[in-house]
Amino acid sequence: MPSPYPFLENLNWLRYHVRPSLKSLDLYPNRLPRVAQSLRAAGEANARVVFAGDLIGYYAEERPRASPDLRRTLNDADRVWINLEAPIAERRKAGRSPRTFRFKLSEEYLDELWQELALDPKKLILNLANNHIADFGEAGFRSTVEYCEKRGIALTGRAKRETLGTSAGPIAIAAASEWMNFADDPVGRSTVKWNENYLDELELRDDEHLLVFPHWGLEFRHFQAAKYRDWFRRLAQGRNLTVVGLHSHVPGPIVREAGSICFQSLGNFLGLQLSWPTRLSPLLSVDFAFRGGKCLGPTGYRMDFHYLRRHGGILAWCKVEELSPSLREKVQARLSLIYPEESRSP
Ligand SMILES: [Fe+2]
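Residues numbered from 1 in each chain as written. Predicted model: local features only at pLDDT ≥ 70, side-chain atom pairs only at ≥ 80, totals over all residues.

Caption draft 1: Focus on the overall build of the protein. The helix and strand inventory of the protein stands at seven helices and 17 strands. Relative to its length of 346 residues, the protein is compact, with a C-alpha radius of gyration of 19 Å against a globular reference of 20 Å. Referenced to the eigenvectors of the C-alpha coordinate spread, the extents of the protein come out at roughly 50 × 45 × 45 Å. Looking at the protein residue by residue over its 346 residues, the buried ones come to 44%. Of the contacts formed within the protein by residues at least 6 apart in sequence, a portion of 74% connects residues at least 24 apart. (Helix = DSSP H or I, 4+ residues; strand = E, 2+ residues; numbered from the N terminus. Rg over C-alpha atoms; globule rule 2.2 N^0.38 Å. Buried ≥ 20, exposed ≤ 12 C-beta atoms within 10 Å, placed from the backbone. Contact = placed C-beta atoms within 7 Å.)

Caption draft 2: Expanded view of the nonpolar core. The biggest cluster of nonpolar side chains holds 85 residues, and the ones touching the most others in it are V50, F51, I82 and L284. If sequence neighbours within four positions are ignored, L284 has contacts with V50, F51, V244, F263, L266, Y301 and M303. (Core = buried A, V, L, I, M, F, W, Y, C linked by C-beta atoms within 7 Å.)

Caption draft 3: Spotlight on the environment of F232. Looking at the secondary structure, you find F232 in helix α6 (residues 226-236). For the pair F232 and R256, spaced 24 residues apart in the sequence, the C-alpha separation amounts to 9.1 Å. Excluding residues within four positions of it along the chain, F232 makes contact with V243, V255, E257 and C262.

Caption draft 4: Geometry of unusual backbone geometry. Positive phi outside glycine occurs at S38, with the angle close to 55°. By the element assignment, S38 lies in the loop between β1 (35-36) and β2 (45-55). Although it is not a glycine, H249 sits at a positive phi angle of roughly 70°. When the 28 C-beta atoms within 10 Å are taken as the criterion, H249 is described as buried.

Caption draft 5: The sheet that holds strand β11 (residues 240-244), seen in detail. Taking strand neighbours across the sheet as the criterion, the six strands line up as β8-β9-β10-β11-β13-β12 in an open arrangement whose pairing is mixed. For this open sheet the edge positions go to β8 (162-166) and β12 (254-257), each flanked by a neighbour on one side alone. On average, each strand axis in the sheet is tilted by 25° relative to the strand beside it, whichever way the strands run. The sheet contact formed by β12 and strand β13 (residues 260-263) spans four bridges and is antiparallel. If you follow V255 over to β13, its bridge partner there is C262. α6 rests against β11, β12 and β13 of the sheet, and its axis sits at about 35° to β12. (Pairing = 2+ DSSP bridges. Axes fitted to C-alpha atoms, helices over the stretch in contact; angles between N-to-C directions.)

Caption draft 6: Just α6, in detail. Among all positions of α6, only Y228, W231, F232 and L235 are buried. In an axial view of α6, the angular spread of the buried residues amounts to 95°, which keeps them on one side of the axis. Along α6, exposed side chains directed more than 90 degrees from the buried face belong to A226 and D230. Turning to α6, the residues buried within the fold contact β11, β12 and β13. With its phi angle positive at about 75°, G238 sits one or two positions after the end of α6. (Arc of directions from axis to C-beta.)

Caption draft 7: A look at the environment of V192. Looking at the element boundaries, V192 is found in the loop between α5 (186-190) and β10 (209-215). Exposure remark for V192: the 20 C-beta atoms within 10 Å place this residue in the buried category. Expressed as a C-alpha distance, the spacing of V192 and K160, which sit 32 residues apart in the sequence, is 6.2 Å. Setting aside residues no more than four positions away along its own chain, V192 makes contact with A129, G157, A159, K160, A175 and A176.

Caption draft 8: Seen up close, the pairing of strand β9 (residues 169-177). By the criterion of burial, β9 is predominantly enclosed, with seven of the nine residues buried. Both β8 and β9 contribute to a ladder of five bridges, which runs antiparallel. Residue pairing in the sheet places E162 in a bridge with I173 of β9. In this structure, the hairpin formed by β8 and β9 is closed by a connection of two residues. Relative to β10, β9 runs parallel, the two sharing six bridges. Counted as the bridge partner of I173 is L211 from β10.

Caption draft 9: Region of the structure containing the environment of T166. Along the polypeptide, T166 turns up in strand β8. Separated by 43 residues in sequence, T166 and K123 place their C-alpha atoms 9.3 Å apart. Those residues in contact with T166 that sit more than four places away from it in its chain are A47, V49, D78, R79, I171 and F288.

Caption draft 10: Structural view of the pairing of β2. Of all the eleven residues making up β2, nine are buried; the element is thus mostly covered by neighbouring parts of the structure. Direction of pairing for β2 relative to strand β15 (residues 280-291): antiparallel, over a ladder of eight bridges. Its bridge partner being in β15, A45 is matched across the sheet by F290. With six bridges joining them, β2 and strand β3 (residues 79-84) adopt parallel strand pairing. The residue of β3 that forms the bridge with F51 is W81. Viewed along the sheet, the connection from β2 through helix α2 (residues 68-75) into β3 turns out right-handed. Across two bridges, β2 lies against strand β14 (residues 268-270) in parallel orientation. If you follow D54 over to β14, its bridge partner there is N268. (Right-handed = clockwise from strand over helix to strand, strands pointing away.)

Here is the structure:
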């Protein structure tokens, strides 16, 4: 399969996969904690949106068990947004090989997953702006859209500017991917591309809130390089943005600039991964305020971490507190490094 990354990145890819990197931590001295409230005054109405990271699938389409906590977090949301990092095929294939980087999810697997999560598909929004959505070409893309349309699942990532509907009003959206594994495929060519000038081309009304989903940066890095930090810093000036980044498979820092906030990476929701940091599944709950049907931006947020583990032969999302003492210590140390308890510069 073609790689969209630079040569050196391909050489080091496995090393980072096995041991995700903390390099560039010093670029983010003012990291925010996992929970924040009162970011702005409340509006007349509120809507909670939950965001989850990459949904790729598990070996042989094994379905993890969901914890009551995880189900509750999803159920408390008005809408649930997940990055669909694989096209949807019609049928589950017996003995499906896990040793490929061309991903595909079956309709049956996803239907069972929504049931396990106790999640009404009509609440769902799946994102297509990522590097794997063209893995099975136009046919794979078409069957993905058909599956979602049949179940009333909304999609993002097909146009430069889109809308996410909530019970309190619409939120403007711009989803784009920096990478595409099959860039020459018609799906790849028509997918929205992220680059440093991407949002400059979008006409934003004064103080309009925009929810941005960049599928960006390098994989298996908790902290992305300076150009991504600088992009957010520049764009945040004079704009009202909430940025929710994806692609690195590990959670990243939260930073704030002027009136905007950036969740640099949500990591994985359900993926085929090798190292313990990639098994962290954050759910990001954001409360958006509305006045006169217009979105003002987030009033607060909370990140809940679940861990995808096999225990007693059962694959399940569990709470960090339920992990073995040695793993729990590692996870808690990593999370407190990325998300300090108290923000040094809110
Ligand atoms: Fe990706």
